[in-house]
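# A closer look at the structure
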Amino acid sequence: MRINIPVTPELEAYIDEVGYREHPVLSACRAEAQTRGAMSVMQIAPEQGALLQMLVELTGARRVLELGTFTGYSALAMALALGDDGQIVTIDNDGDILQVALAYWAEAGVTQKIDARRGDALDALDVLQRDGAQFDLVFIDADKPNYPAYLERAINLVRIGGLIVIDDTLIHGRVVTGPLAGDPSYVQPAVDAMREVNRRLRDDDRLTIAMLPSHDGMTLARRRR
Ligand SMILES: C[S@@+](CC[C@H](N)C(=O)[O-])C[C@H]1O[C@@H](n2cnc3c(N)ncnc32)[C@H](O)[C@@H]1O
């Protein structure tokens, strides 16, 4: 049996009170995202930011790769946890959103740790592979239909012993139900891709995996060989 407690607004408020420590610029970045309406759900939750920071610390990561920057919250969280010699490559195909992110990174004094690349993530990954890049931690949080291709490339790019973090692996539960009546047409390809990714993660014996069912599902995959 699993214990699954509903996260009520009261419980959320309690988590906000005691569940993480958030740098003031992260708080500002999160507040701004709230003004973006439906887009705001793209940003990870603050306790997930704290988890990413913990994972950076635990893996001793110095080289981090992120797919999907948005307004820069997750990149900033990880940058704050990296040592002075650490670096994040983060990729987003939306140049306007990257400008927003850049302003927060500058405000927090971490600009020198973040190499933001504007463009299609698959293209950028192919360039990184061609250049022989290696990362200690890869965070996948971009467009869902490309997740199988992102995972394949991430496994090549992460060092042995390194960690891949995959967000949204439960797609609001749609991995089980499939799209519901009224869901937009982009949900089906996202669900298909995520089911494929979850099967591959389960079956790839190069990886040790743990699926965390909170939020929208987040799976940790450590490359062990
Ligand atoms: C879920 S958001 C990232 C959220 C961010 N990690 C955070 O927690 O603040 C996904 C981002 O992926 C970007 N994106 C979507 N498709 C992409 C693609 N093919 N290549 C690169 N970026 C893409 C979007 O512009 C969007 O900003």
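Residue indices follow the written sequence of each chain, beginning from 1 at its first position. Thresholds applied to this predicted model are a pLDDT of at least 70 for local features of residues and 80 or more for the giving and counting of side-chain atom pairs; totals over whole chains, interfaces and linings are not thresholded and use all residues.

## Brief notes about the overall build of the protein
Condition: Secondary structure follows DSSP: runs of H or I at least 4 residues long count as helices, runs of E at least 2 residues long count as strands, and numbering of each begins at the N terminus. As defined in this context, the radius of gyration uses C-alpha atoms, and a globule is described by 2.2 Å times the residue total to the power 0.38. Three exposure classes are used, based on other C-beta atoms lying within 10 Å of a residue's own C-beta, which is placed from the backbone: buried for 20 or more, exposed for 12 or fewer, and partly exposed in between. Throughout, a residue-residue contact means that the two C-beta atoms, derived from backbone geometry, are no farther apart than 7 Å.
When helices and strands are tallied, the protein shows nine helices and seven strands. Computed over its C-alpha atoms, the radius of gyration of the protein comes to 17 Å, within 12% of the 17 Å expected for a compact globule of 225 residues. Structurally, the protein occupies a C-alpha span of about 45 × 40 × 35 Å along its principal axes. Within the span of the protein, comprising 225 residues, buried residues form 38% of the whole. Relative to all contacts within the protein whose residues are 6 or more apart in sequence, the contacts with residues 24 or more apart total 70%.

## Side note on the site of the ligand
Rules: We count a residue as near a molecule or strand when its backbone-placed C-beta atom lies within 6 Å of that partner. Residues are grouped as follows: Ala, Val, Leu, Ile, Met, Phe, Trp, Tyr, Cys and Pro are nonpolar; Asp, Glu, Lys and Arg are charged; every other residue, Gly included, is polar.
Residues in close proximity to the ligand total 20 residues, the closest being Gly 68, Phe 70, Ser 74, Ala 121 and Asp 143. Those elements that place two or more of their residues in the shell around the ligand are helix H4 (73-81) and strand S2 (87-92). Considering only residue class, the shell around the ligand consists of eight nonpolar, seven polar and five charged.

## Looking at the packing of H4 against helix H5 (residues 95-108)
Condition: Between N-to-C directions, angles span 0 to 180 degrees; the directions come from axes that are lines fitted to C-alpha atoms, helices contributing only their stretch in contact. Between 65 and 115 degrees an angle is taken as roughly perpendicular, under 35 as roughly parallel, over 145 as roughly antiparallel, and anywhere else as oblique. Helix crossings are classified by the rotation of the near helix relative to the far one: an anticlockwise turn of less than a right angle makes the crossing left-handed, while a clockwise turn makes it right-handed.
Between H4 and H5, whose axes approach to 10 Å, the crossing angle comes to 25°. Classified by the angle between their axes, H4 and H5 sit roughly parallel to one another. When you trace H4 past H5, the crossing you get is right-handed. Each of Ala 75, Leu 76, Ala 79 and Leu 80 in H4 lies in contact with H5, whose residues at this interface are Ala 101, Tyr 104, Trp 105 and Ala 108.

## Quick notes on the nonpolar core
Cut-off, in case you're wondering: Joining buried Ala, Val, Leu, Ile, Met, Phe, Trp, Tyr and Cys residues through C-beta atoms within 7 Å gives a set, and that set is a nonpolar core.
Counting 61 residues, the largest nonpolar core has Leu 76, Ala 79, Val 138 and Ile 140 as its most contacted members. With seven residues, the single largest contributor to this core is H4. Among all residues touching Ala 79, those that are not within four sequence positions of it are Ile 88, Trp 105, Val 110, Lys 113 and Ile 114.

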